[in-house]
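Take a look at the letters that make up each chain.
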Amino acid sequence: MLTVLLLLWPVTAALLLHFFKGKSARVAALGAALLEFALALYAAGFSGANLALGGDIGPKFEFNYSWIPTAGISFHVGMDGLSLLLVLLTTLLVPIILLSAFRRNFENESVFYALVLFMQTGLIGVFTAQDAFLFYFMWEVALIPIYFLAGVWGGVDRARVTFKFFLYTIIGSLFMLAGFVYLYFQTGPTVDGLSAHNASLSAFYNLNLPAETQLWVFWLIFAAFAVKMPIFPFHTWQPDTYTESPAPASMLLAGIMLKMGIYGCMRWLLPVVPLGVDYWQNLILILAVIGIIYGAIIAIRQQDVKRLIAYSSLSHVGLMIAGVFSLTQLGMQGASIQMLAHGINVVGLFFIADAIERRTGTRNIADLGGLTRKAPALTVCFLVLLLGTVALPLTNGFVGEFLLLAGVYQHNAWLGAVAGITIILSAVYLLRMFQRVMLGPDSAHSATFTDLTGGEIAVLVPLIVLVFWIGIFPNFFLSLSEGSVLGILGQVVKR
């Protein structure tokens, strides 16, 4: 029942927020999100203790209700280690994102914060669904709130940008739905007018589709994930959407939502159509590596801080995709912990970009400089998050990137070597941005610039702590996802 509570509490709180007005809506939303995080911590503590005692690694806190019995569709949710890792990420970042939004005054605040909580339900539903149609339903539930968050509270070009984003994602989702419907009808016959079809994850895993069928079913399912991550060349919606969205929406998109695509590949693609994955593996790896280099090179040329972070995210996500499709334990484990690290780092970087914009009225790197003289606390926080993104040893980014590169190299040494260029390029564009914004010659804004407030420090301190905690003590997070990764790889090899 704990998984059900994690699903229902945010949407219940979102509905209750309509009875709150003004600043009270902020406080109520933050309180609800903190309670959700406490529930996730309890689940993590239970799972960690179970692993320490040598317990099984299957889904915990399962709930299975026959939703549409005649069609074999169930409301089936549960959390294994991989799911729990992403539930922890979601429930950690949502209160931080809500707290970061306190620095801005949004019109219809109760609606704004309710949409964030409503989106949290969709995200957790995606990470815990054990039924294909429930997974699809939650996938769409997560899309609706972000469309309104970006479309209503976004920048001047928000209408065009959000329409493009919505069009890309909904088309990809429909392809995935078509793939799920086809797989559903392969699970069993109809006997005496009653369907024996089953949409459960285990039923899909037990399918034994012919190789030629898996080749095209792969693309039906992968389409939605390719857009959501995104992978080159399905990325064109991403930079504009991240840039035009309000800062909390950008954080939700980059910090949590793109992980839906990577998780979907690991959970719903690799074990279901392993022969299709094996056939298309090298193509996806090449596209991922192109995305790594392309995103980094475009990031170097950016003058907008927020847009630079968007292209940086595209480059880093490419490495995670490559790790997943290396089909190695190192690569898959690296992708698991890097999803966590990337979410923490990118949320912090978007928050700092927003803090700078609020104080100066600009995100243009050429108009900034010399800010560190008036903002030593901001400088330290900015540098720590930046070094985590660059993958400095003892930071959270190092663990994941090392495992990812090792996994890709294990599959193909040449692809691993090219993918490794991301470490050099990310250092170039991120350190260059930091130097020009914080350490460069004084700008027109440097004299009046102010340091972080107490509320802003409260947002950044948990992220800074996690940068070092994950980097120095990664074993808990790796052990949490290890059983799931081995199970997925075992399913792929078995088929």
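About the thresholds
Residues numbered from 1 in each chain as written. Predicted model: local features only at pLDDT ≥ 70, side-chain atom pairs only at ≥ 80, totals over all residues. Heavy atoms only, no water. Domains from an automatic or database assignment. Contact = heavy atoms within 4.5 Å. Buried area = accessible area lost by both parts, 1.4 Å probe. Salt bridge = Lys/Arg side-chain N within 4 Å of Asp/Glu carboxyl O. Polar contact = N/O pair within 3.5 Å; in protein donor to acceptor, adjacent residues only side chain to side chain. Helix = DSSP H or I, 4+ residues; strand = E, 2+ residues; numbered from the N terminus. Nonpolar A, V, L, I, M, F, W, Y, C, P; charged D, E, K, R; others polar. Buried < 20%, exposed > 50% of the residue type's maximum accessible area, 1.4 Å probe, protein only. Phe/Tyr/Trp six-rings, centres within 6.5 Å; stacked < 30°, edge-to-face > 60°. Core = buried A, V, L, I, M, F, W, Y, C linked by side-chain atoms within 4.5 Å. Expected span 1.5 Å × (residues − 1). pLDDT = per-residue confidence, 0-100.

Asker: What is the right way to look at the domain arrangement of the protein in this model?
Answerer: Note: interface size is frequently given as the accessible area lost on complex formation between the parts. Once the domains are mapped, the protein shows domain 1 (1–272) and domain 2 (280–495). Computed over C-alpha atoms, the centres of domain 1 and domain 2 are 22 Å apart. Contact with domain 1, which involves 58 residues of that partner, is made by 57 residues of domain 2. Taken together, the two surfaces of domain 1 and domain 2 that pack against each other cover about 4900 Å², and 75% of this comes from carbon and sulfur. Applying the counting criterion to the domain 1 and domain 2 interface returns 2 salt bridges. On inspection of domain 1 and its partner domain 2, the count reaches 12 residue pairs in polar contact (both at pLDDT 80 or more). Within the residue set of the side of domain 1 that touches domain 2, elements represented by two or more residues are helix 2 (23–52), helix 3 (81–101), helix 7 (201–205), helix 8 (211–228), helix 9 (238–244), helix 10 (247–257) and helix 11 (259–269). Top contributing element to the side of domain 1 that touches domain 2 by residue count: helix 3, with 13 residues. Split by residue class, the side of domain 1 that touches domain 2 holds 41 nonpolar, 11 polar and 6 charged.

Asker: Is there a simple way to explain the pattern of salt bridges in this structure?
Answerer: One side chain can pair with another of opposite charge once the charged atoms of both are near each other. Counting across every chain of the model gives 10 salt bridges. Between R267 and D80 there is a salt bridge, with its nearest N and O atoms 2.6 Å apart. Here R267 is found in helix 11, whereas its partner D80 is found in the loop between strand 2 (73–79) and helix 3, with 187 residues between them in sequence. The buried category is assigned to R267, whose relative accessible area is 5%.

Asker: For this particular structure, what's the right way to read the side chain of Q281?
Answerer: Along the chain, the position of Q281 falls in helix 12 (residues 274–300). There is a polar contact of 2.7 Å between the side chain of Q281 and the backbone oxygen of F325. Not counting residues up to four positions away in its chain, the partners in contact with Q281 are F325, S326, L327 and H411.

Asker: Sorry if this is basic, but what is going on with the packing of aromatic side chains here?
Answerer: Aromatic rings in a pair are described by how distant their centres are and how their planes are angled relative to each other. A complete count under the given rule lists 36 aromatic pairs for this structure. Both rings, one in F63 and one in F75, keep their centres 6.3 Å apart while their planes meet at 75°; by these two values the pair is edge-to-face. Separated by 12 residues along the polypeptide, F63 in strand 1 (residues 60–68) and F75 in strand 2 bring together distant segments of the chain. Overall, F63 belongs to the partly exposed group, its relative accessible area being 26%. Taking the centre distance of 5.5 Å and the plane angle of 50° together, the rings of F180 and W268 count as tilted. Of this pair, F180 sits in helix 6 (residues 158–185) while W268 sits in helix 11, placing them 88 residues apart in sequence. The pair formed by F180 and W268 is uniform in burial state, with each residue classed as buried.

Asker: Is there a simple way to explain the nonpolar core in this structure?
Answerer: F180, F222, F225, L269 and F325 are the most contacted members of the largest nonpolar core, which totals 181 residues. Shared between two domains, this core takes at least three residues from each, and those domains are domain 1 (1–272) and domain 2 (280–495). Among residues more than four places away in sequence, those in contact with F222 are M229, I231, C265, L269, I284 and F325.

Asker: Even after reading the chapter, I still don't get the environment of I457, so can you show me in this structure?
Answerer: Note on placement: I457 falls in helix 19 (residues 454–472). Along the primary structure I457 and G331 are separated by 126 residues, whereas in three dimensions their C-alpha atoms are 34 Å apart. Setting aside residues up to four positions removed in sequence, I457 forms contacts with L452 and P462.

Asker: Quick question: what am I supposed to make of the environment of S110 here?
Answerer: Position of S110 among the secondary structure elements: in helix 4 (residues 109–128). Note on S110: relative accessible area 11%, which makes it buried. Leaving out residues up to four positions away in the same chain, S110 has contacts with L17, F20 and A25.

Asker: Even after reading the chapter, I still don't get helix 3, so can you show me in this structure?
Answerer: Note on helix geometry: an α-helix contains 3.6 residues per turn, so any two residues three or four positions apart are oriented the same way. For helix 3, with 21 residues, the first-to-last C-alpha span of 30 Å sits near the 30 Å given by 1.5 Å per residue. The element helix 3 is largely enclosed, with a buried count of 20 among its 21 residues. The N-cap of helix 3, judged by a side-chain oxygen 3.3 Å from the amide nitrogen of L82 a few residues on, is D80.

Asker: Even after reading the chapter, I still don't get the confidence of the model for the protein, so can you show me in this structure?
Answerer: Here the protein averages 88 in pLDDT, while 96% of its residues score no lower than 70. Counting interchain partners and residues more than four positions distant, the pLDDT-below-50 stretch residues 52–56 has 2 contacts. Taken together, the stretch residues 190–194 has pLDDT below 50 and engages in 4 contacts with residues farther than four places along the chain or on a different chain.

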